[in-house]
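# What the coordinates show
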Amino acid sequence: GFVILRKDQAEIHLTLKQDHVASDRNVLHMLVNDAQALYDHLVSSDARIVKGIRDAPYGLRDFIVADPDGNRLDVGQSLD
């Protein structure tokens, strides 16, 4: 019921919760160095994009993707 996902210098630690039900809220917020590259990779992998990539007025290039269970993951890159 526990997994660690690693890519480059990033890690996400996840715990399985048997009665978890996905909602319309983001359950993970992640900052990356290249949001466009990750977005393009996810699109080409047929990931479920909830909100397309954009440059937001709050200083992030961001998008939202859903995992296979419907959990929403918010991904952003600082525009500074």
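Structure first, text after, so check above.
Here's what I pulled together on the structure shown here. The model shown is predicted, which means the values in this text are computed figures rather than measured ones.

## Considering helix H1 (residues 35-44)
Of the residues making up H1, those classed as buried are Ala35, Tyr39 and Leu42. For H1, the angular spread of buried residues about the axis comes to 65°, placing them on one side. In this fold, the buried residues of H1 make contact with strand S4 (48-55), strand S5 (60-66) and strand S6 (72-78). Directly beyond the C-terminal end of H1, a positive phi value near 60° is found at Asp46.

## Things to note about the pairing of S5
Counted residue by residue, S5 has five buried out of seven residues, so it is predominantly covered. Examined bridge by bridge, S4 and S5 share five bridges and lie antiparallel to one another. Note on S5: the bridge partner recorded for Lys51 is Ile64. Joining the antiparallel neighbours S4 and S5 is a turn of four residues, in which Gly59 adopts a positive phi near 90°. Inspection of the sheet shows S5 paired to S6 by seven bridges, in the antiparallel sense. Along S6, the bridge assignment pairs Leu60 with Ser78. Joining the antiparallel neighbours S5 and S6 is a turn of five residues, in which Gly70 adopts a positive phi near 95°.

Reading guide: rules and limits
- Residues numbered from 1 in each chain as written.
- Predicted model: local features only at pLDDT ≥ 70, side-chain atom pairs only at ≥ 80, totals over all residues.
- Heavy atoms only, no water.
- Buried < 20%, exposed > 50% of the residue type's maximum accessible area, 1.4 Å probe, protein only.
- Helix = DSSP H or I, 4+ residues; strand = E, 2+ residues; numbered from the N terminus.
- Arc of directions from axis to C-beta.
- Contact = heavy atoms within 4.5 Å.
- Pairing = 2+ DSSP bridges.

By themselves, these are just geometric observations and shouldn't be taken as functional.
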